[in-house]
Amino acid sequence: MSATVDPSRLRVAELYCGIGGCAAALGSAAAVVSAVDINRLALDVYRRNFPHPAAVATIESLAAPTLRDWQADLWWISPPCQPFTRRGRQRDASDSRTQSFLQILARLREVTPRYLAIENVPGFQGSITHSLLLETLASLDFEVQERVLCPTVFGIPNRRERFYLVAGRSPLRELPPPTVEAHPLRSFLDQAPMPELQVDRDLVRKYRHALNVVDPMDTMAVASCFTAAYGHSPIRSGSYVQTTSGLRRFSPTEILRLLGFPSSYTLPADLPLESGWRLAGNSLSIHAVRYVLAAIPELSQLIRTDIRASSVA
């Protein structure tokens, strides 16, 4: 479950890898030597887009010898966010979905990489789990940078506020303020949207005042955060596009485009819409990931990566 790579490149282990948001952000700047997730569908999409090893496994099953064999310089970690979301029960460290992350903290004392990076919802910051993380990092002499970022600070018309932490056992770089170049929402939309995206008029009438609607002709339009419930929950899960024939949902490829996935990234043609929305809703903002990882000296070039509207196929 590891790869032979150029020894001069930073080696990265992608935990809770999903569809590969970290790998997409890194591009050729580093070598992902192992990727792990329990979602088989997400890993199918991951393997479609990346050549390096990706395995179905629970984080709890990763014993110290396995982690040591990877020889990873950086662990990228995107643990489940439900224990910390505003809409959830906020059970924090007592939530069963947090247990795998607590196992990682235990493993850190046995196998300590040079760098660690974490992404989660803003509610993670200030939680009991967050405190346990900081205590562990302090005991291992990590330098820590923390911030909450939204793609809008990069000029991307999508609200997706997330907490990010980067830690290093050697000094991290101080990052300059994000460079903002505004991109209109319409530049991220499909030229020929699928008819299946059209929203039933009865649903519109029922929830009209609760739906977040964006006009693609409005240069200031900003889509709300898309979650894994988009397409299932009609409200507070993402925005709807105003068209001449009514409202339509965003396609999974449009959401991935807003998240910054490159034009080379593809989804299976036969992937059901519901699955595409769920996978995209669980993924990462590539723009934010590149920015925070540029604090690692070996990845400083990521901050110079251009942000452009791409064309996920």
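In what follows, the structure referred to is the one given above.
A closer look at the environment of aspartate 190
Reasoning step 1: For aspartate 190, the position within the fold is in the loop between strand E7 (162-168) and helix H6 (201-207).
Reasoning step 2: Linking aspartate 190 and valine 180, residues 10 residues apart in sequence, is a C-alpha distance of 24 Å.
Reasoning step 3: In this structure, aspartate 190 is in contact with Ser251, Thr253, Glu254 and Arg257, ignoring residues within four places of it in sequence.
Reasoning step 4: Within polar-contact distance, the side chain of aspartate 190 engages the side chain of threonine 253 at 3.5 Å.

Quick look at the sheet that holds strand E8 (residues 212-214)
Reasoning step 1: If you walk across this open sheet you meet the 3 strands as E8-E9-E10, and the pairing is mixed. In the strand order of this sheet, the two ends are held by E8 and strand E10 (246-249), each with one partner. The mean angle between the axes of side-by-side strands here comes to 40°, regardless of whether they run parallel or antiparallel.
Reasoning step 2: Sheet topology note: the E8/strand E9 (residues 239-243) ladder contains 3 bridges and is parallel.

A look at empty space enclosed by the protein
Reasoning step 1: Across all of its chains, the model carries 2 cavities of 30 Å³ or more by this definition.
Reasoning step 2: In this structure, the largest cavity spans a volume of roughly 50 Å³.
Reasoning step 3: Lining of the largest cavity is provided by Leu15, Ile59, Leu62, Leu67, Gln103, Ile104 and Arg107.
Reasoning step 4: No other element matches helix H4 (residues 99-108), which puts 3 residues into the lining of the largest cavity.
Reasoning step 5: Partitioned by chemical class, the residues of the lining of the largest cavity number 5 nonpolar, 1 polar and 1 charged.
Reasoning step 6: If you go around the second largest cavity, the residues you meet are Pro79, Pro80, Phe84, Arg97, Thr98, Phe101, Asn120, Phe124 and Thr129.
Reasoning step 7: Here the residues of the lining of the second largest cavity are counted per class, giving 5 nonpolar, 3 polar and 1 charged.

Some points on helix H9 (residues 286-293)
Reasoning step 1: Of all 8 residues in H9, 8 are buried, a share of seventy percent or more.
Reasoning step 2: Burial in H9 covers these residues: Ile286, His287, Ala288, Val289, Arg290, Tyr291, Val292 and Leu293.
Reasoning step 3: Those residues of H9 hidden inside the fold are in contact with helix H1 (21-26), strand E4 (74-77), strand E5 (115-120), strand E6 (143-149), E7 and helix H7 (252-259).

Scoring rules and cut-offs
- Residues numbered from 1 in each chain as written.
- Predicted model: local features only at pLDDT ≥ 70, side-chain atom pairs only at ≥ 80, totals over all residues.
- Heavy atoms only, no water.
- Helix = DSSP H or I, 4+ residues; strand = E, 2+ residues; numbered from the N terminus.
- Contact = heavy atoms within 4.5 Å.
- Polar contact = N/O pair within 3.5 Å; in protein donor to acceptor, adjacent residues only side chain to side chain.
- Pairing = 2+ DSSP bridges.
- Axes fitted to C-alpha atoms, helices over the stretch in contact; angles between N-to-C directions.
- 1 Å grid on protein atoms, 1.4 Å probe; cavity = no way out; pocket = protein on both sides within 12 Å on 5 of 7 lines; lining within 4 Å.
- Points joined across faces, edges and corners; volume = space filled by probe spheres on them.
- Nonpolar A, V, L, I, M, F, W, Y, C, P; charged D, E, K, R; others polar.
- Buried < 20%, exposed > 50% of the residue type's maximum accessible area, 1.4 Å probe, protein only.

All quantities given are derived from atomic positions and should not be read as evidence of function.
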